[in-house]
Amino acid sequence: MKKITLFTLAVFFGLSFAQAQGDFKAGIHAGLPIGDAGDLATFSIAVDLGYLFDLSDQFQAGPTVGYSHSFGDNIDTGIGTIEIDDIQFIPIGGAGRFHVSDEFSLGLDLGYALGVNDGNDGGFYYSPRAAYSLSDKVDLVLAYRGISENGGSWDIISIGLEFGFD
């Protein structure tokens with residue numbers, strides 16, 4: 001699976017670099033872990049960096065990298081308290097954005113998230129998102145961030161701001 005993902009990303013990056021114009025993007029997001037992640041963590045923050053090439057008037061695509069940090073929870077077992085360590089990932093992948101209108105866009109990030117903390121192997125990363133433009137350079141972003149790992153998943157719903165730089 002890793003080889004297929006890496007090959008797909010290499011082809012995607014190669015096609016993306018064929019275009020000359022694009023935008024550098026930087027985002028910061030706050031999130032709530034849900035599902036299994038919600039049982040182990042209380043809150044998450046994430047930062048993303050990417051370069052999106054203009055493939056058409058409505059579509060952009062390019063490489064992206066980020067950092068995600070989820071703060072571990074304390075779980076009361078009835079016998080005592082278990083302190084869960086913080087969980088960190090470095091997602092590396094490709095991003096696509098479809099501009100539905102001047103103010104609204106839909107997107108998807110796909111790739112692999114490297115696990116940073118001990119015992120965290122990482123997994124397949126996916127993040128569908130919707131963005132509303134607050135100005136020419138600032139978007140409000142609502143995203144679902146998922147990482148499939150070892151038969152389970154690490155899921156976060158986030159809201160944040162993305163800044164564009166020409």
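Shown above is the structure to which this text applies.
Given the structure is predicted, the values throughout are model-derived calculations rather than measurements. (Residues numbered from 1 in each chain as written. Predicted model: local features only at pLDDT ≥ 70, side-chain atom pairs only at ≥ 80, totals over all residues. Heavy atoms only, no water.)

A. Structural detail: the environment of T64. Considering the arrangement of structural elements, one finds T64 in strand β3 (residues 59-72). Among the residues examined, T64 registers a relative accessible area of 14% and is labelled buried. Distance in space between the C-alpha atoms of T64 and D109 is 7.8 Å, their sequence separation being 45 residues. Ignoring anything within four residues of it in the chain, the contact list for T64 reads L49, G50, P91, I92, G93, G94, A95 and D109. A distance of 3.1 Å separates a polar atom in the side chain of T64 from the backbone oxygen of L49. (Helix = DSSP H or I, 4+ residues; strand = E, 2+ residues; numbered from the N terminus. Buried < 20%, exposed > 50% of the residue type's maximum accessible area, 1.4 Å probe, protein only. Contact = heavy atoms within 4.5 Å. Polar contact = N/O pair within 3.5 Å; in protein donor to acceptor, adjacent residues only side chain to side chain.)

B. The pairing of β3, seen in detail. Strand direction decides the pairing type here: strand β2 (residues 41-54) and β3, joined by eleven bridges, are antiparallel. By the bridge assignment, F43 is partnered in β3 with F71. Taking the residues between adjacent antiparallel strands as the criterion, β2 and β3 are bridged by four residues. As judged from the ten bridges shared by β3 and strand β6 (residues 87-99), these two strands associate in the antiparallel manner. The residue bridging S68 from the neighbouring strand is F89, located in β6. (Pairing = 2+ DSSP bridges.)

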